[in-house]
Each structure stands twice: as C-alpha cells, then as structure tokens.
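The residues making up each chain are set out below.
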Amino acid sequence: MTDQPDLPQGETRSERQPTSNVVVHLHEYRSSSQDPPPITFHRRELDMILRVYGRMVGDGEWRDYAMDHLRDRAVFSVFKRSGEMPLFRIEKNPRLAAKQGAYSVVNTQGMILKRGHDLQQVLKVFDKMLKLIKT
C-alpha cells in the first residue's frame, strides 16, 4: 500500500507527471522567497510567559496553552480546558511597538486588559486577578 494515487491500467508515473530537470539551490530559494518569516517570541519573552503560566497551572486556573506564530504577530493562548476558547491571549505585535507597545493581554471577549512596551509589566495583570472565595 502506498500513498500514491492509483494510476490507470498500463500507465506509469513518468507518463502522467513529467519530471523537471531544473535544480534549485537552497540558498537561492531562501533568498528569492517573498514571504517574511513569522513573528516569534524570543527566549527571554517565552521564559517570562511560561513562568506566569506555571504559576497559574499550579493554582489550578489554567490547564493548556497554544502558541501561534503568524506573519504579523505572535500569540500565546491559555485555556481552562483545551476544547474551549482561550481565557487569555498574550500577543506580540511589533507594528505597535512605537505606538502603544508591542505586548498586550486580551481576554475571551477581545477586551485588551493591559498593553505596553515591557512584557514583564504587561504580565503583572495576572498578579492582580481576583478569585472567588467561598465562605
């Protein structure tokens, strides 16, 4: 069993799809690519985010996360359950770095809870989270 589609009786692969004799060097392919690389979190940024994530997992508030590296921004989403919408999104958008700050924390409804130039200051929004206490 192969992952190749079935060919009509008597037809071979070379008759159906002619091969190209053009060789493209990898460095030429990379330099000619018009797509910019996606925005990512740097190591120190990810360390700060994962420190907060670990604390919240230890408190039982969060259970899962996802990272998306898009063309215009990087997003770290946190979930209470993996099948739901994210509780919070920590976003890095370099286009806003000169204006409002590249980092922001967004809740489920899309409201920006905190935005700024310094990720550590933006992540302090999770230090002040109110918890429901049953008496």
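Rules behind the numbers
- Residues numbered from 1 in each chain as written.
- Predicted model: local features only at pLDDT ≥ 70, side-chain atom pairs only at ≥ 80, totals over all residues.
- Heavy atoms only, no water.
- Pairing = 2+ DSSP bridges.
- Helix = DSSP H or I, 4+ residues; strand = E, 2+ residues; numbered from the N terminus.
- Axes fitted to C-alpha atoms, helices over the stretch in contact; angles between N-to-C directions.
- Buried < 20%, exposed > 50% of the residue type's maximum accessible area, 1.4 Å probe, protein only.
- Contact = heavy atoms within 4.5 Å.
- Salt bridge = Lys/Arg side-chain N within 4 Å of Asp/Glu carboxyl O.

**Thoughts on the sheet that holds strand 1 (residues 64–69)**
Here we have 5 strands laid out as an open sheet, ordered 1-2-3-4-5, and antiparallel in their pairing. At either end of the open sheet lies a strand with only one pairing partner, and these are strand 1 and strand 5 (112–116). Strand-to-strand, the axes of this sheet are offset by a mean angle of 15°, without reference to chain direction.

**Some details on the environment of G110**
Within the secondary structure, G110 sits in the loop between strand 4 (103–107) and strand 5. The partly exposed category is assigned to G110, whose relative accessible area is 42%. A sequence separation of 22 residues divides G110 from F88, and the C-alpha atoms of the two residues are 8.9 Å apart.

**A closer look at the side chain of S104**
Along the polypeptide, S104 turns up in strand 4. Judged by relative accessible area, which is 5%, S104 ranks as buried. When residues no more than four places from it in sequence are discounted, the contact partners of S104 are R89, I90, E91, I112, K114, R115 and V122.

**Quick notes on the pattern of salt bridges**
One pass over the structure, following the stated rule, counts 6 salt bridges. One salt bridge connects R43 with D47, and the closest N-O pair in it is separated by 3.7 Å. Separated by 4 residues within a single helix, R43 and D47 lie in helix 3 (residues 43–58), roughly one turn from each other. A relative accessible area of 32% means that D47 is categorised as partly exposed. The shortest N-O distance in the salt bridge between K92 and E45 comes to 3.1 Å. In this pair, K92 sits in strand 3 (residues 88–92) while E45 sits in helix 3, placing the two residues 47 residues apart along the sequence. For E45, a relative accessible area of 8% translates into the label buried. Put simply, R73, R89 and E91 are held in one network by salt bridges that share partners.

Functional significance is not addressed by these values, which are geometric in nature.
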